[in-house]
Amino acid sequence: MRNTLIIAAALLVASCGAAEEKGVKDAFEGKFYIGAALNASEIVGADTAGVEILKKHFNSIVAENCMKCEEIHPQEDVYNFTLADKFVEFGEENDMFIIGHCLVWHSQLAKWFAYDAEGNYVTPEVLKQRMKDHITTIVTRYKGRVQGWDVVNEAIVEDGSYRKSPFYEILGEEFIPWAFECAHAADPDAELYLNDYGMNVPGRRDAYVKLINDLKARGLRIDAIGMQGHMGMDYPTVEEFETSLLAYAGTGVNVMITEWDMSALPTVNMGANISDIEEFKASLNPYPDGLPEEVAAVWNERMKAFMDLFLKHADKITRVTAWGISDDDSWKNGWPVRGRTDYPLLFDRNLEPKPFLDEYTK
Ligand code: 9MR
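Just so it is clear, the structure is predicted and the values come from calculations on it, not from any experiment. Position numbers for residues count from 1 along each chain, tracking the sequence in the order it is written. Local features in this predicted model are restricted to residues of pLDDT 70 or higher, and side-chain atom pairs are both shown and tallied only at a pLDDT of 80 or more, whereas totals for entire chains, interfaces and linings draw on every residue. The basis for every side-chain value is the complete set of non-hydrogen atoms in the structure, without hydrogens or water.

(A) A look at the overall build of the chain. When you go through the chain residue by residue, the secondary structure sums to 14 helices and eight strands. A compact globule built from 362 residues would reach a C-alpha radius of gyration of about 21 Å, and the chain, at 22 Å, matches this within 12%. Here the C-alpha coordinates of the chain stretch approximately 85 × 55 × 40 Å along the principal axes. For the chain, the proportion of its 362 residues judged to be buried stands at 51%. We call two residues in contact whenever any of their non-hydrogen atoms come within 4.5 Å of each other. When contacts within the chain are restricted to residue pairs at least 6 apart in sequence, long-range pairs at least 24 apart make up 77% of them. Only the protein chains shown count as covering a residue, and every accessible area follows the Shrake-Rupley method with a 1.4 Å probe. Total accessible area on the chain stands at roughly 16,500 Å², and carbon and sulfur atoms take up 51% of it. When charges are tallied, Lys and Arg are placed among the positive residues and Asp and Glu among the negative ones, while His and the ends of the chain are skipped. Where a charge lies is defined by one atom per residue type: Lys uses NZ, Arg uses CZ, Asp uses CG and Glu uses CD. Treating the 35 positive side-chain charges of the chain as one cloud and the 59 negative ones as another, the clouds have centres 3 Å apart. Each helix is a run of H or I in the DSSP string that is no shorter than four residues. Each strand is a run of E no shorter than two, and both are numbered from the N terminus. Here the globule rule reads 2.2 Å times residues to the power 0.38, and the radius of gyration is calculated from C-alpha atoms. For every residue, the accessible area obtained with a 1.4 Å probe (protein chains only) is divided by the maximum for its type, and the residue is called buried under 20%, exposed over 50%, and partly exposed between those limits.

Here's what the structure looks like:
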């Protein structure tokens, strides 16, 4: 009897230990992928601690910067695949679902892309050919290896109109179907996505619903819509996010939560009338030495509310991707105000998981 009790106790301890060790990806196994955006030092393995976290907790990766036009295709006849190749190799070695980000985007667009030698916009024919070359070269290189592409990123603004990017100004709305056509021709098996931020905003939501339906009506492949999850303590509400999620899913495509992070700092209204610049800076960077417990509690509660929303709609969501691994990595430390200390990601600066994750992993 005594031996049985000892064995039972040992098993209990072992199983509790194992439960604590569960990776975040394992906690959501069968629901959706858990992804992270990789920066250069993670891709080349210099950030060894970050890479360990990645392998244990994530089963999908996306390139934070190295596949953007400016980096991968800086001049018309120059491609730079070094980092992108390593990124894809890393994903393959670790059996991860690999996302390419992004083929067509107004930002970080190489300077030459939309202009001729005189600095004027190229003709529609030239831009179509350049887009085709760009998309075909990149997608073909990673054919069968990158499973999904953000084909067009951030094309629609809040009021539902098209962003006045060079692509739109030269080609009009046709640039989007064209990009999808080129990507599909280059790798017919790859998933193809639209991706944007502020996806809870009604004007943008309605425009994307229409756009998805239009692409489908033309017989073009579109697998999912990426709702970038750049959030703050006061936006968006869970309800409005859910309304959009359901609207997109209603078109029949999958939904992905891409680029998830939640700033713990005061939301910046750059239009505010700030008389004392020093005071302004200090008030915008209130937690340089650590997040106060009460703020962390609110942050964790909000993150859990969103994670619960994603779980509620796990039948529609294929992937939840954080925009970085740990707080130190985040672009939010430098935007929209430089030099802040923010706390937006799933792992803190000591690479410890944030408390809200315990609800799922323990
Ligand atoms: O996180 C990226 C940052 O390192 C880059 O400097 C920035 C340049 O525009 O892009 C950031 O990632 C963006 C992503 O590619 C698209 N959605 C918004 C992201 C944050 O700006």
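Back to the write-up after that little detour.
(B) Quick peek at the pairing of strand β6 (residues 224-231). The element β6 is largely enclosed, with a buried count of eight among its eight residues. Side-chain alternation along β6 places A224, G226, Q228 and H230 on one buried face and I225, M227, G229 and M231 on a second face that is also buried. Only strands that DSSP links by at least two bridges are regarded as paired with each other. Summarising the sheet, strand β5 (residues 191-196) and β6 pair through four bridges and their orientation is parallel. Counterpart to D196 in the pairing with β6 is M227. After leaving β5, the chain enters helix α10 (residues 202-217) and then returns to the sheet as β6, a path that is right-handed. Where β6 meets strand β7 (residues 254-262), seven bridges bridge the pair, whose relative direction is parallel. Residue A224 lies in a different strand from β7, and its bridge partner there is N254. With respect to chirality, the unit in which β6 leads through helix α11 (residues 238-249) into the neighbouring parallel β7 is right-handed. With the strands pointing away from the viewer, any crossover whose connection runs clockwise from the first strand over the helix to the second is right-handed.

(C) Spatial organisation of the environment of A46. Its place among the elements puts A46 in the loop between α3 (40-43) and α4 (48-57). A46 sits 174 residues away from L220 along the chain, and the two C-alpha atoms are 40 Å apart.

(D) Structural detail: the sheet that holds β5. Pairing is parallel in the closed barrel, where eight strands are placed in the order β1-β2-β3-β4-β5-β6-β7-β8. Strand after strand, the sheet turns through a mean of 25° between neighbouring axes, direction not considered. The pairing of strand β1 (residues 33-38) with strand β8 (residues 317-322) spans four bridges and is parallel. Residue pairing for β8: G35 is matched across the bridge by T321. To get an axis, a line is fitted to the C-alpha atoms, and for a helix only the part in contact is used. The angle between two axes follows their N-to-C directions and goes from 0 to 180 degrees.

(E) Focus on the site of the ligand. A cutoff of 4 Å decides nearness: a residue is near a molecule or strand if any of its heavy atoms lies inside that distance of it. Around the ligand, 14 residues are found, and the nearest of them are E64, K68, H101, E154 and E259. In this structure, H101 approaches the ligand through a side-chain N or O atom, which is 2.7 Å from an oxygen atom. Notes on the ligand: free accessible area 450 Å², of which the protein chains cover 76%. Its residues placed into classes, the shell around the ligand shows three nonpolar, seven polar and four charged. Two N or O atoms form a polar contact when they lie within 3.5 Å of each other; inside protein one atom must be a possible hydrogen donor and the other a possible acceptor, and for residues adjacent in sequence the pair counts only when both atoms belong to side chains. Three classes are used: nonpolar for Ala, Val, Leu, Ile, Met, Phe, Trp, Tyr, Cys and Pro, charged for Asp, Glu, Lys and Arg, and polar for all others, with Gly counted as polar.

(F) Molecular detail of the packing of aromatic side chains. What counts as a ring pair is set by centres within 6.5 Å for rings of Phe, Tyr and Trp (its six-membered ring), and what kind of pair is set by the plane angle: stacked under 30 degrees, edge-to-face over 60, tilted for all other angles. This model, assessed by the stated rule, comprises 18 aromatic pairs. The interplanar angle of 25° and the centroid separation of 4.6 Å between the aromatic rings of Y33 and F97 together place this pair among those described as stacked. Taken together, the residues Y33 in strand β1 and F97 in strand β3 (residues 97-104) connect sequence positions 64 residues apart. Judged by its relative accessible area of 12%, F97 is buried. Ring geometry for Y79 versus F81: centroids 5.3 Å apart, planes at 5°, classification stacked. Each member of the aromatic cluster is reached from another via a ring pair, and the members are F241, W260, W299, F306, F310 and F356. The cationic tip of K332 hangs over the ring face of W331; the distance from NZ or CZ to the ring centre is 4.8 Å. Sitting over the face of the ring of W299, K354 holds its NZ or CZ atom 4.2 Å from the ring centroid. Placement of a positive charge over a ring is assigned whenever Lys NZ or Arg CZ falls within 6 Å of the ring centre and within 35 degrees of the normal to the ring plane.

(G) The arrangement of unusual backbone geometry in detail. Geometrically, the link from Y235 to P236 is a cis peptide bond, its omega value of -15° lying close to zero. Relative to the helices and strands, P236 is located in the loop between β6 and α11. Here the amide bond leading from W335 into P336 is cis, since omega sits at 0°, within 30 degrees of zero. By the secondary structure assignment, P336 is in the loop between β8 and α14 (358-361). Here the phi dihedral of L351 falls at roughly 65°; this positive angle occurs in a residue that is not glycine.

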